[in-house]
Amino acid sequence: MRVLVVEDEPDLARQLQEGLAGAGYAVDYAPDGEEAHFLGDTEPYDAVILDLGLPILDGVSVLEKWRKAGREMPVLILTARDSWSDKVAGLDAGADDYLAKPFKMEELLARLRALIRRSAGHASPELECGPVLLDTRSSKVTVDGTAVRLTAQEFKLLSYLMHHAGKVVSRTELTEHLYDQDFDRDSNTIEVFVNRVRKKLGVNIIATVRGMGYQLANPDPGTGTDPDANKGD
Ligand code: CA
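Residues numbered from 1 in each chain as written. Predicted model: local features only at pLDDT ≥ 70, side-chain atom pairs only at ≥ 80, totals over all residues. Heavy atoms only, no water.

Undergrad: Let's hear about the coordination of the calcium ion: which residues, and what values?
TA: Here the calcium ion is held by D8 (OD), D51 (OD) and G53 (O), and the distances to it run 2.2 to 2.3 Å. In terms of primary sequence, the donors binding the calcium ion are separated according to D-x42-D-x1-G. Residue D8 is located in the loop between β1 (2-6) and α1 (10-22), and its partner D51 is located in strand β3 (residues 47-51); the two are separated by 43 residues in the primary sequence. For D8, a relative accessible area of 32% corresponds to the partly exposed category. (Donors = N, O, S within 2.8 Å, 3.2 Å for Na, K, Ca; no water. Helix = DSSP H or I, 4+ residues; strand = E, 2+ residues; numbered from the N terminus. Buried < 20%, exposed > 50% of the residue type's maximum accessible area, 1.4 Å probe, protein only.)

Undergrad: Talk me through the nonpolar core; I want residue IDs and the actual numbers.
TA: The biggest cluster of nonpolar side chains holds 47 residues, and the ones touching the most others in it are L20, L158 and L201. Taken together, domain 1 (2-119) and domain 2 (126-223) each give at least three residues to this core, which thus spans both. Each residue touching L201, except ones within four places of it in the same chain, is listed here: V132, V141, V143, V148 and L158. Grouped together as the second largest cluster of nonpolar side chains are 19 residues, L4, V6, A36 and W66 included. (Core = buried A, V, L, I, M, F, W, Y, C linked by side-chain atoms within 4.5 Å. Domains from an automatic or database assignment. Contact = heavy atoms within 4.5 Å.)

Undergrad: Residues and numbers for the sheet that holds strand β4 (residues 75-79), please.
TA: Here we have five strands laid out as an open sheet, ordered β2-β1-β3-β4-β5, and parallel in their pairing. A strand with exactly one partner marks an edge of an open sheet, and here the two such strands are β2 (26-30) and β5 (97-100). Going across the sheet, the axis of each strand differs from the next one's by a mean of 20 degrees, ignoring polarity. Bridge count between β1 and β2: five bridges; the pairing is parallel. Bridging from a neighbouring strand, L4 pairs with D28 of β2. Here helix α4 (residues 84-92) sits on the sheet in contact with β4 and β5, set at roughly 160 degrees to β4. (Pairing = 2+ DSSP bridges. Axes fitted to C-alpha atoms, helices over the stretch in contact; angles between N-to-C directions.)

Undergrad: Tell me what's going on with the domain arrangement of the protein, and back it up with residues and numbers.
TA: When cut into domains, the protein gives domain 1 (2-119) and domain 2 (126-223). Put simply, the middle of domain 1 and the middle of domain 2, counted by C-alpha atoms, are 26 Å apart. Between domain 1 and domain 2, the residue contacts involve 13 residues of the former and 12 residues of the latter. Together, the buried faces of domain 1 and domain 2 total about 1000 Å²; carbon and sulfur atoms form 49% of this surface. For domain 1, the biggest contributors to the area lost against domain 2 are R2, P44 and R113; these three give 38% of the whole. Taken together, the links from domain 1 to domain 2 amount to zero salt bridges. Linking domain 1 with domain 2 are five residue pairs in polar contact (both at pLDDT 80 or more). Elements represented by at least two residues in the side of domain 1 that touches domain 2 include exactly β2 and α5 (105-119). For the side of domain 1 that touches domain 2, the class distribution of residues is six nonpolar, one polar and six charged. (Buried area = accessible area lost by both parts, 1.4 Å probe. Salt bridge = Lys/Arg side-chain N within 4 Å of Asp/Glu carboxyl O. Polar contact = N/O pair within 3.5 Å; in protein donor to acceptor, adjacent residues only side chain to side chain. Nonpolar A, V, L, I, M, F, W, Y, C, P; charged D, E, K, R; others polar.)

Here it is in structure tokens:
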């Protein structure tokens, strides 16, 4: 999952970036409203953390512009502790949640997980596909109750696919959501990761859709479907 952090206070911005990266997010950063608006308008984020008091363009205006342009990513605003009017203005401008400063990183991470899974249409923190269970809180994956050890990158990939189960997800989309802006992206590495995850899970839940990408689906025990069978894109 890839998030945008918009915060002009350098220490807090650094804490946010470190905390989010440590929790497995690809993180982009904008120090002012103009940069924030540009990035949110052009890059596909799974969520945005948006401070309201910003140089050049304030957070509420940035948010209004995004929503007017049809940008639908979940947005969590950071507000001053006592400013109820900030919260109202932010939520009315299209924010999905807010957090008052100062806050605990654990609370921010929990709110972010909830926003991301809600926006992908999931109410439960545990995502399920056939025998595979992914717990978004603990970042643990099990197959038929047995724990599977995935690397951070493998987990990110599976988590994105499980959040978007049933949808065809292209390699480009995966690349855009697993890596930050500065990462040297190579969509071929996605295929390598997909194959590693398939091998570790040992069940066929990631199918290759020829020429389009990947689709997570319940394995069909009757047919013994090989997810590599229609490879060749
Ligand atoms: Ca500020």
